[in-house]
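The primary structure of each chain is shown beneath.
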Amino acid sequence: MNELKIRASAGTTGNQEIGNFNSLQFLGTFNVLKAAGNEIAISQTSFGNSDLKWESTDQYDMGIEMSFFNSRLNIETDVYYKITNDLILNAPLPWSTGFGSVSRNIGSVENKGIEFTINSVNIEKGDFSWSTDLNFASNRNEILKLGVNNADIFPGPNFLGPTNILRVGQQIGSIWGRVRLGTWGTDEADEAARYGLKPGDVKWEDLNNDGKIDGSDSKIIGRMYPKWTANMTNTFIYKNFDLSFELRFVEGANVINATKHSVEDRQTLANSYATVLDAWRPDNQNTMIAEVRAWGTPYLTNGDTHWMEDGSFVRLQNLMLGYNLPSTLLDKWKLTKARVFFSGQNLFVLTDYSGYDPEVNTFEGSGQLPVGLDFFPFARPRTFSAGLNLSF
């Protein structure tokens, strides 16, 4: 060991990112068609909240930095605990106000976790070297307070109903939905009839045993945010050549594959996934997919455990191969440096997720909690590029 540092910190920080003028009410103009023609009218365009203020976060951190073997192995570890008060969220409003939500300081949330970084020079011999950089992070959060009475909040986005819930004692990004048990079998016809259904229909769990399936039969079924993430970069250098690649690891996140609404539940109304070939039939009753019926037949569709999938993955984020021209050519061409390179991004993803990409944000920028909801977004591109860097 050639270096050891132990450190600790404590403090309070504020978050001023509440948006410009969110505390104010605004008026806007629009056209009204009346008997005498168009007239200009004025209406309220934002609800406003004069009590809106900064969030504040109390954080405590302890860390250790270590260096070994003449700094060929460097390790840095941090553990932290923080509480955010006056949490800003778009809280729901009664529709009688004319607005769906308003920004409010409505709660407190606790975060705790660990982060560590390893930098190592694995091989350094002659013209060859190999180094590795590894970053790991794991965070757990818990909602401590919501509003005045700690009532549940469904912040959206809604897709055939709420997709996520904020609840005291649970984590942010908890997925809300029904539990799909499969489909009703022919030997369950009488029981299905009590729910107004028949064999071949989707079978959901009746959580409160009241003889009907409604909003009371949903519960927390997953998590949008991962248990841990990691990035690992390896760099190889041999003489004038260099090769580096970065892998990204995500474990423990769930994805709501809402595309199943359109291409699995809405059979005969739209193109379908090949999984519909496993739909319910009298000779295939142990399935999660309802019977294929004639166009116009009512169908059942709702966010549930069948839509939810494991979103864990390993992604090759970046790959770069480069070559630095030798000094003999640099002197000849009167250059101080010349390098050619080839790079690629998002080259492959290893995952059990059935959609295009488990790292999906269909409703990004909506002001809601969009992480982990997949409904036909643009695919993440795979990019290749080549270039030449010259210095004179």
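**Student:** Give a detailed account of the overall build of the protein, specifying residues and quantitative values.
**Tutor:** Assigned secondary structure in the protein consists of 3 helices and 20 strands. Against the 2.2 N^0.38 benchmark of 21 Å for 392 residues, the protein shows a C-alpha radius of gyration of 28 Å, more extended than a compact globule. Sequence-distant contacts, at least 24 apart, represent 64% of the contacts inside the protein between residues at least 6 apart. By element, 55% of the accessible surface of the protein is carried by carbon and sulfur atoms, the whole surface being about 22,600 Å².

**Student:** Describe in detail the nonpolar core, supporting the description with residues and values.
**Tutor:** In terms of nonpolar packing, the biggest core is built from 10 residues, these being Phe 159, Ile 175, Val 179, Ile 221, Met 224, Ile 256, Ala 258, Trp 307, Met 308 and Leu 373. For Leu 373, the contacting residues outside a window of four places in its chain are Pro 157, Ile 256, Ala 258, Val 360, Asn 361, Thr 362 and Phe 363.

**Student:** Go over the sheet that holds strand 18 (residues 337-351) with me, naming the residues and quoting the values.
**Tutor:** Spatial strand order, 1-4-5-6-7-13-14-17-18-20: 10 strands in an open sheet with antiparallel pairing. The outermost strands of the open sheet, each flanked by one partner alone, are strand 1 (3-15) and strand 20 (383-391). Pairs of neighbouring strands in the sheet enclose a mean axial angle of 15°, with direction left out of account. Across 18 bridges, the pairing between strand 5 (residues 73-92) and strand 6 (residues 101-125) is antiparallel. Across the sheet, the residue bridging to Glu 76 is Thr 117, located in strand 6.

**Student:** Could you give an account of the pairing of strand 17 (residues 313-324), naming the residues involved and the relevant values?
**Tutor:** Pairing of strand 14 (residues 241-251) with strand 17, which is carried by 10 bridges, proceeds in the antiparallel orientation. The residue of strand 17 that forms the bridge with Phe 241 is Tyr 323. Bridge count between strand 17 and strand 18: 11 bridges; the pairing is antiparallel. Within strand 18, the position partnered with Tyr 323 by the bridge is Val 340.

**Student:** Requested: an account of the sheet that holds strand 8 (residues 164-165), with residues and values cited.
**Tutor:** Read across the open sheet, the 3 strands follow the order 8-9-12; overall the sheet is antiparallel. If you trace the sheet from one side to the other, it starts and ends with strand 8 and strand 12 (219-223), each paired once. Note: strand 9 (residues 174-177) against strand 12, 4 bridges, orientation antiparallel. Looking at strand 12, one finds that Gly 177 is bridged to Lys 219.

**Student:** Please set out the side chain of Thr 57 residue by residue, giving values where relevant.
**Tutor:** As for its position among the elements, Thr 57 is in strand 4 (residues 55-68). In this structure the side chain of Thr 57 is engaged in a polar contact, spanning 2.9 Å, whose partner is the side chain of Thr 84. When near neighbours in sequence (up to four residues on either side) are disregarded, Thr 57 contacts Gly 11, Thr 12, Thr 13, Lys 82, Ile 83 and Thr 84.

**Student:** Residue-level account of the side chain of Asp 206, with values.
**Tutor:** Tracing the backbone through its elements, the reader meets Asp 206 in the loop between strand 11 (202-204) and strand 12. Here Asp 206 occupies a buried position and makes no salt bridge, while the nearest side chain of opposite charge, Arg 194, is found at 8.4 Å. Only 2.9 Å separates the side chain of Asp 206 from the side chain of Tyr 195, close enough to count as a polar contact.

**Student:** An account of the packing of aromatic side chains is requested, with residue identities and associated values reported.
**Tutor:** Following the criterion strictly, the structure yields 14 aromatic pairs and no others. Judged by centre distance (6.0 Å) and plane angle (70°), the rings of Phe 159 and Trp 307 are edge-to-face. Of the two residues, Phe 159 sits in the loop between strand 7 (128-146) and strand 8 while Trp 307 sits in the loop between helix 2 (259-265) and strand 16 (308-310), which places them 148 residues apart along the sequence. In terms of burial, Phe 159 and Trp 307 fall into one category: buried.

**Student:** Account for a nonpolar patch on the surface, with residues named and values stated.
**Tutor:** Where nonpolar side chains cluster on the molecular surface, the patch consists of Phe 241, Leu 243, Leu 321, Phe 342 and Phe 384 and spans about 480 Å² of accessible area. Along the chain, Leu 243 falls in strand 14. Accessibility expressed as a relative area gives 31% for Leu 243, which makes it partly exposed.

**Student:** Just give me the short version of the pattern of salt bridges, but keep the residues and values in it.
**Tutor:** By the definition in use, this model includes 21 salt bridges. Ionic pairing is found between Asp 78 and Arg 7, a salt bridge with its closest N-O pair at 2.7 Å. Note that Asp 78 is positioned in strand 5 and Arg 7 in strand 1, a separation of 71 residues in sequence. Looking at Asp 78, the relative accessible area reads 11%, which means it is buried. On the basis of relative accessible area, Arg 7 is assigned to the partly exposed category, the value being 25%. Of the charged contacts in the structure, one is a salt bridge between Asp 265 and Arg 180, with a shortest N-O distance of 3.8 Å. Of this pair, Asp 265 sits in helix 2 while Arg 180 sits in strand 10 (residues 180-183), placing them 85 residues apart in sequence. In the salt-bridge network here, residues are joined through shared partners; they are Lys 5, Arg 7, Asp 61, Glu 65, Glu 76 and Asp 78.

**Student:** An account of the environment of Asn 231 is requested, with residue identities and associated values reported.
**Tutor:** Secondary-structure assignment places Asn 231 in strand 13 (residues 228-238). Between the alpha carbons of Asn 231 and Glu 191 there is a distance of 51 Å; along the sequence they are 40 residues apart. Those residues within four positions of Asn 231 in sequence are excluded, and the remaining contacts are Asp 133, Leu 134, Asn 135, Glu 246, Leu 247, Arg 248 and Gln 317. Polar side-chain contacts of Asn 231 include one of 2.8 Å to the side chain of Glu 246.

The rules behind the values
- Residues numbered from 1 in each chain as written.
- Predicted model: local features only at pLDDT ≥ 70, side-chain atom pairs only at ≥ 80, totals over all residues.
- Heavy atoms only, no water.
- Helix = DSSP H or I, 4+ residues; strand = E, 2+ residues; numbered from the N terminus.
- Rg over C-alpha atoms; globule rule 2.2 N^0.38 Å.
- Contact = heavy atoms within 4.5 Å.
- Areas by Shrake-Rupley, 256 points an atom, 1.4 Å probe, with all protein chains shown as cover.
- Core = buried A, V, L, I, M, F, W, Y, C linked by side-chain atoms within 4.5 Å.
- Buried < 20%, exposed > 50% of the residue type's maximum accessible area, 1.4 Å probe, protein only.
- Pairing = 2+ DSSP bridges.
- Axes fitted to C-alpha atoms, helices over the stretch in contact; angles between N-to-C directions.
- Polar contact = N/O pair within 3.5 Å; in protein donor to acceptor, adjacent residues only side chain to side chain.
- Lys, Arg positive; Asp, Glu negative; His and termini not counted.
- Salt bridge = Lys/Arg side-chain N within 4 Å of Asp/Glu carboxyl O.
- Phe/Tyr/Trp six-rings, centres within 6.5 Å; stacked < 30°, edge-to-face > 60°.
- Patch = residues over 30% accessible without salt bridge, like charges linked within 9 Å, V, L, I, M, F, W, Y side chains within 5 Å.

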